[in-house]
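Listed below, chain by chain, are the residues.
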There are 2 protein chains.
Amino acid sequence: MVTIPSRRKRATIHDVAVEAGVSRGTVSRVVNDEPYVSASARTAIEAAIEKVGYVPNNAARSLVMQRSEAVGFIVHEPHSLFLDDPNIGGILLGANTVLSRSDYQMVSLVIDSQRDTDRVARYLSGGFVDGVIIVSARREDPITRVIEKLRLPAAFVGHPPEQSPLPFVGIDNRASARAITERLMQTGRQRIGMVAAALDRDSGADRLAGFTDALGDRFNPALVARVPLYTFTDGVKGMCALLERDPLIDGVFAASDAVAAGALEALRHAGRSVPGDVGIVGFDDSSWALRTQPHLSTVHQPAFGLGERAAECVLGQLRGEEQPADGILLETPIIWRDSA
Amino acid sequence: MVTIPSRRKRATIHDVAVEAGVSRGTVSRVVNDEPYVSASARTAIEAAIEKVGYVPNNAARSLVMQRSEAVGFIVHEPHSLFLDDPNIGGILLGANTVLSRSDYQMVSLVIDSQRDTDRVARYLSGGFVDGVIIVSARREDPITRVIEKLRLPAAFVGHPPEQSPLPFVGIDNRASARAITERLMQTGRQRIGMVAAALDRDSGADRLAGFTDALGDRFNPALVARVPLYTFTDGVKGMCALLERDPLIDGVFAASDAVAAGALEALRHAGRSVPGDVGIVGFDDSSWALRTQPHLSTVHQPAFGLGERAAECVLGQLRGEEQPADGILLETPIIWRDSA
């Protein structure tokens, strides 16, 4: 009886109960083939199911049976980034903490290939989850389309695809990048560059925009090294490129702490001291920040809090509450340590 | 119609089909309330369902509808370790790669509290997954009991609880620890200690046993610092304890690369050079190993391969194939770099 629904909005047990003029418990007994339902109630409920187009799914069945429901947590990352991203673990645990408190089972779904994308889209269509939290959505993503089509309660961590009506929880990457770059400028650095990563995503593009904002007239496009991912390895490559373009570079904004750690490695190999010769700032305040030598000055990204708020947003939708249309932005304090 | 089964072995669509003398497809049509089934076939199937005690679940329904099925991936770790453990990501991606190839949806379930444990046990009982991969099982774990009770196809990564009949994929921690300690001894170190972590788990206990084996008569119990977790922070603490007990210590086996990285930090603070004053070896060959200064000599743990083999083991059980009763151990080459 689980089918892939094509309706815009799923009918619920509640709709059936209202239509048939009976309690949800009675509908539940019919749906679950339990005894003690009068023939007339059964007939009315069957007619109501037909009329409102109710399709039982596991989640609905769980609801009426008062068993735990499930919310999907979708990590949409290329292989290497899933291993490297220090925020995902925090977001995941934050979301799980809030969902667990409301007896929801969080099921985390990894997307690592086109095949994964297609299969996860089918899984969402199949009614295995009541809602979804999505980390790192992409534009023109079949997952996003399925969520919009099914009207699944959902929240994005980070900006959702453009023109998506779906709510999100995030940080202001542009303002945060501007603030840390300004702070770096205040230390007296003269030749400031950036290792800019993940420019195909809002977070990456916004961090570069904030850097550009802060430097204003002093912005030198030659001192931006563009790398694909927020990774240590890309940090090494990006820093090597900057050193080649300007051996006298004395300040660097790395697009993430992992990128900053890679940049530190490249500077060490090149015989430059940090912060003596070059000041470096990162982004995330992840576990990387205290493991580099020197410890990183960086932007604190509230990973656990992002997961908590995204879960609260999905639970709110499941309870039928209105959600803010324009997203929730969390604070991102600057943490100043020793690398700049 | 989803109920928590108390039967030792779940009846399948196949059992119903055999009992009713019809095809699985016909059973599927009845179970899914589809048309084009004769009244006599329907009656026979309903009687067969009653007789064999068949309880439809999502997975079975997915199977007959030729939609993707699901396999659970259970990470049973305390909070901080989930964030720190560099192997989990590799195991997860390895398992996902194999399951995806067979069109199985991997659903990852985080266990971070007693509430999580109880709810995940209910989730498994509810038929939401066809099989389970478990990382870091604990003794007397309700999850393990549920899996055994339901006879869910399962594979452990790492040793399963004692006397469990369930198959596992792992490494020989004791032999690997012995091998890397012997290699460290061959560099001429005289006062060799260990930062031993996670002694409540087989992996932790086995690594200490291998260290003890290698040193033989030279083993000095005072030079073992015991710490709770395989983390950077515990590595710092453990190394500080060892330096207090023997300021002349010149060799250290750290129970993981993260622990080794923490130990390096403690030695740096204490003004000791590595490998000049102290040689250090780690365990895992994780992303940590190339991010420390100097890079770590360590035991390579094939995280991705462990995930792949565990998934293959579960898929084999789902196909009804016999699995090896005594577990699968993967190779763990020693990777010698600069820290010893």
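For the structure itself, consult the block above.
What you are looking at is a predicted structure, and each value in this text was computed from that prediction instead of being measured.

Quick notes on the rules
- Residues numbered from 1 in each chain as written.
- Chains lettered and ligands numbered in written order.
- Predicted model: local features only at pLDDT ≥ 70, side-chain atom pairs only at ≥ 80, totals over all residues.
- Heavy atoms only, no water.
- Helix = DSSP H or I, 4+ residues; strand = E, 2+ residues; numbered from the N terminus.
- Buried < 20%, exposed > 50% of the residue type's maximum accessible area, 1.4 Å probe, protein only.
- Contact = heavy atoms within 4.5 Å.
- Areas by Shrake-Rupley, 256 points an atom, 1.4 Å probe, with all protein chains shown as cover.
- Polar contact = N/O pair within 3.5 Å; in protein donor to acceptor, adjacent residues only side chain to side chain.
- Pairing = 2+ DSSP bridges.
- Axes fitted to C-alpha atoms, helices over the stretch in contact; angles between N-to-C directions.
- Expected span 1.5 Å × (residues − 1).
- Salt bridge = Lys/Arg side-chain N within 4 Å of Asp/Glu carboxyl O.
- Phe/Tyr/Trp six-rings, centres within 6.5 Å; stacked < 30°, edge-to-face > 60°.
- Lys NZ or Arg CZ within 6 Å of the ring centre and 35° of its normal.
- Parallel < 35°, antiparallel > 145°, perpendicular 65-115°, else oblique.
- Left-handed = near helix turned anticlockwise from the far one by under 90°.
- Nonpolar A, V, L, I, M, F, W, Y, C, P; charged D, E, K, R; others polar.

Asks: Would you take a moment to explain the overall build of chain A for this structure?
Replies: From N to C terminus, chain A includes 13 helices and 12 strands. Counting only residues that meet the buried cut, chain A has 59% of its 340 residues in that class. Once local pairs closer than 6 in sequence are excluded, the contacts in chain A between residues at least 24 apart make up 71%. Accessible area of chain A: about 13500 Å², with a carbon and sulfur share of 50%.

Asks: Looking at this structure, how should I read the side chain of R119 of chain A?
Replies: With respect to the helices and strands, the residue R119 of chain A is situated in helix α7 (residues 114–125). Overall, the relative accessible area of 0% leaves R119 of chain A in the buried class. Within the structure, R119 of chain A has its side chain in polar contact with the side chain of S100 of chain B (distance 3.0 Å). A distance of 3.0 Å separates polar atoms of two side chains, one belonging to R119 of chain A and the other to Q105 of chain B.

Asks: Looking at this structure, I do not really get helix α2 (residues 24–31) of chain B. What am I missing?
Replies: One turn of an α-helix holds 3.6 residues; hence residues three or four places apart share an orientation. Taken together, the buried positions of α2 of chain B are occupied by T26, V27, S28, V30 and V31 of chain B. Following α2 of chain B by one or two positions, D33 of chain B adopts a phi angle in the positive range, close to 55 degrees.

Asks: Would you explain the sheet that holds strand β8 (residues 251–254) of chain B in this entry?
Replies: Two strands in a sheet stick together by hydrogen bonds in their backbones, pointing the same way (parallel) or opposite ways (antiparallel). Residues and elements named next belong to chain B. The strand order across the open sheet formed by 4 strands is β7-β6-β8-β9, and the pairing between neighbours is parallel. Two strands in the sheet have a free side with no partner beyond their single neighbour: β7 (224–227) and β9 (279–281). Here the strands of the sheet are splayed against their neighbours by 15 degrees on average, with no regard to which way each runs. In this fold helix α10 (residues 202–215) packs onto β6 (192–197), β7 and β8, with an angle of close to 165 degrees to the strand it touches most, β6. Here helix α12 (residues 257–269) sits on the sheet and contacts β6, β8 and β9; the angle it forms with β9, its principal contact strand, is near 160 degrees.

Asks: Mind showing me how you'd approach the environment of I249 of chain A here?
Replies: Residues and elements named next belong to chain A. By the element assignment, I249 lies in the loop between α11 (232–245) and β8 (251–254). Judged by relative accessible area, I249 falls into the buried class, the value being 2%. C-alpha of I249 to C-alpha of R191: the two residues are 58 residues apart in sequence and 5.0 Å apart in space. Apart from residues lying up to four places away in sequence, I249 is in contact with R191, G193, L223, M239, L242, L243, D277 and V278.

Asks: Is there a simple way to explain helix α10 (residues 202–215) of chain A in this structure?
Replies: Residue and element names in this part refer to chain A. Spanning 14 residues, α10 covers 20 Å between terminal C-alpha atoms, matching the ideal 20 Å at 1.5 Å per step. Within α10, the full set of buried residues consists of S203, G204, R207, L208, A209, G210, F211, A214 and L215. The inward-facing, buried residues of α10 contact α9 (173–185), β6 (192–197), β7 (224–227) and β8.

Asks: Is there a simple way to explain the pattern of salt bridges in this structure?
Replies: Side-chain pairs of opposite charge can arise where the charged atoms are in close proximity. All names here are of chain A. One pass over the structure, following the stated rule, counts 20 salt bridges over all chains. Between R309 and E312 there is a salt bridge; the shortest N-O distance is 3.6 Å. Of this pair, R309 and E312 both sit in helix α13 (residues 303–318), 3 residues apart, which is roughly one turn of the helix. The partly exposed category is assigned to E312, whose relative accessible area is 37%. Each of R174, R178 and D213 takes part in salt bridges that share partners, so that together they form one network.

Asks: Could you clarify how one ought to interpret the packing of aromatic side chains in this entry?
Replies: Aromatic rings considered in pairs are described by the distance between their centres and by the relative angle of their planes. Under the counting rule described, the total for this entry stands at 10 aromatic pairs over all chains. Chaining the aromatic ring pairs together yields one cluster made of F211, F219, F253 and F283 of chain A. One Lys or Arg, R183 of chain B, reaches over the ring of W336 of chain B and ends 4.2 Å from the middle of that ring. For R207 of chain B, the ring lying beneath its charged end belongs to F283 of chain B, and the centroid distance is 3.8 Å.

Asks: In this structure, what is going on with the packing of α9 of chain A against α10 of chain A? I would like to understand it.
Replies: Geometry of a packed helix pair, given as the angle between the helix axes and the separation of the axes. Residue and element names in this part refer to chain A. It is at 7 Å that the axes of α9 and α10 come closest, and there the two elements cross at 40 degrees. Regarding the angle of α9 to α10, the classification is oblique. You can see that α9 and α10 cross each other, and the crossing is right-handed. Contacts from N173, R174, A177, R178, T181, E182 and M185 of α9 reach α10 at S203, D206, R207, A209, G210, F211, D213, A214 and L215. The residue makeup of the contact of α9 with α10, split by class, is 6 nonpolar, 4 polar and 6 charged.

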